[in-house]
Amino acid sequence: MSEGERFEFKFLITAAQRDEICGAFNGALRPDTLGGSSGVYPIVSLYYDTPDRRCYWEAWRGLPSRRKLRIRVYGTADGGVAPTSFVEVKHKLDGLGVKRRLHTSLPHALEIGHGRGETGAFPPADARVVREVHRMVNVEIFRPACIIRYRRHACALHLEDAAEPLRITFDDQLGARFRDLEPAPDDRRCDLPLLPDDHLVMELKGFGAVPASVARLLAKSRLSPRSFSKYCAAIRLSGASSPP
């Protein structure tokens, strides 16, 4: 991996392995304060798909070029983390992931997700995102498919053998639902668990090569990167992989 390339790896781990990792980097692992002082906050996402589950099957087949559409909502019910929302298009092209997103209010995000709204009021980059979403909804027939909620613990990992901090996140309490597809901040109505209670998703992001100290710890813990899609897991567990 050459300098400047971005890496992004996912791991399925247990709570005990998370505690071991956090303990090993004690002092170097600091909360991402964009998510509040603790770096812990809920994420609620409304995922879209076509009636024939195109997103699910393209991911299952590992197509090198594919897109998915979602509306992502941050914020806590008590206001500790201010509610905010994004319309996002994630595009995987030849193994590299690109995310295009628009920051807007939740009602406006849902309007765009319904294929409505003008683009003239947006800056050019945002207008392109809106046009892409409109094309996915109005031409390719993307529709709301499910809502997924989880709790994220986001940190910055400051290491001597890394030129800049790595981003490391731990996602637990993963749940989904396929009814009442109107997302809300800190929505707790997702009652289909996606992982056992003591399991979570760890994601590691950075630039250049994986630092040697991280690689050693992963090897010691016998952890290997693996593909894991929260949406695909929800579809499989619900039995909804066939078109409705």
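A brief structural summary. (Residues numbered from 1 in each chain as written. Predicted model: local features only at pLDDT ≥ 70, side-chain atom pairs only at ≥ 80, totals over all residues. Heavy atoms only, no water.)

**Concerning the overall build of the chain**
Working step 1: Helix and strand content of the chain: six helices and ten strands.
Working step 2: For a compact globule of 244 residues, the expected C-alpha radius of gyration is about 18 Å, and the chain comes in at 18 Å, within 12% of that figure.
Working step 3: Along the first, second and third principal axes, the C-alpha set of the chain runs to 50 × 40 × 40 Å.
Working step 4: Expressed as a percentage of its 244 residues, the buried residues of the chain come to 46%.
Working step 5: Once local pairs closer than 6 in sequence are excluded, the contacts in the chain between residues at least 24 apart make up 69%.
Working step 6: By element, 52% of the accessible surface of the chain is carried by carbon and sulfur atoms, the whole surface being about 12500 Å². (Helix = DSSP H or I, 4+ residues; strand = E, 2+ residues; numbered from the N terminus. Rg over C-alpha atoms; globule rule 2.2 N^0.38 Å. Buried < 20%, exposed > 50% of the residue type's maximum accessible area, 1.4 Å probe, protein only. Contact = heavy atoms within 4.5 Å. Areas by Shrake-Rupley, 256 points an atom, 1.4 Å probe, with all protein chains shown as cover.)

**Points about the environment of Tyr74**
Working step 1: Looking at the secondary structure, you find Tyr74 in strand 4 (residues 65-74).
Working step 2: Taking relative accessible area as the criterion, Tyr74 reaches 13% and is therefore assigned buried.
Working step 3: Distance from Tyr74 to Arg6, taken between C-alpha atoms, is 25 Å for residues 68 residues apart in sequence.
Working step 4: Setting aside its immediate chain neighbours within four residues, Tyr74 contacts Tyr41, Pro42, Ile43, Ala82, Pro83, Thr84, Phe86, Arg101 and Pro185.

**Brief notes about the packing of aromatic side chains**
Working step 1: Tallying each qualifying case throughout the model produces six aromatic pairs.
Working step 2: Between Phe7 and Phe9, the aromatic rings sit 5.7 Å apart at their centres with planes inclined by 15°, giving stacked as the arrangement.
Working step 3: Residue class for Phe7 comes out buried when judged on its relative accessible area of 2%.
Working step 4: For the pair Tyr56 and Trp57, a centre-to-centre distance of 5.0 Å together with 80° between the ring planes defines the contact as edge-to-face.
Working step 5: Taking the relative accessible area as the measure of exposure, Tyr56 reaches 4% and is therefore buried.
Working step 6: The partly exposed category is assigned to Trp57, whose relative accessible area is 24%.
Working step 7: In this arrangement the basic side chain of Arg101 is found over the ring face of Phe86, its NZ or CZ atom lying 3.8 Å from the centre.
Working step 8: Above the ring of Tyr150, the side-chain terminus of Lys230 is found at 4.4 Å from the ring centroid. (Phe/Tyr/Trp six-rings, centres within 6.5 Å; stacked < 30°, edge-to-face > 60°. Lys NZ or Arg CZ within 6 Å of the ring centre and 35° of its normal.)

**Here's the deal with helix 4 (residues 124-138)**
Working step 1: If you check helix 4, its first and last C-alpha atoms are 21 Å apart, about what 15 residues at 1.5 Å a residue would give, namely 21 Å.
Working step 2: Along helix 4, the positions that sit buried rather than exposed are Ala127, Val129, Val130, Glu132, Val133, His134, Met136 and Val137.
Working step 3: Elements in contact with the buried residues of helix 4: strand 4, strand 5 (84-93), strand 6 (96-104), helix 3 (106-113) and strand 7 (143-157). (Expected span 1.5 Å × (residues − 1).)

**Focus on the packing of helix 2 (residues 54-61) against helix 6 (residues 230-238)**
Working step 1: At a closest axis distance of 10 Å, the pairing of helix 2 and helix 6 adopts a crossing angle of 105°. Viewed along their axes, helix 2 and helix 6 adopt a mutual orientation that is roughly perpendicular. Where helix 2 approaches helix 6, its residues Cys55, Tyr56 and Ala59 are matched on the opposing element by Tyr231, Cys232, Ile235 and Arg236.
Working step 2: Taken together, the residues of the contact of helix 2 with helix 6 break down into six nonpolar, no polar and one charged. (Axes fitted to C-alpha atoms, helices over the stretch in contact; angles between N-to-C directions. Parallel < 35°, antiparallel > 145°, perpendicular 65-115°, else oblique. Nonpolar A, V, L, I, M, F, W, Y, C, P; charged D, E, K, R; others polar.)

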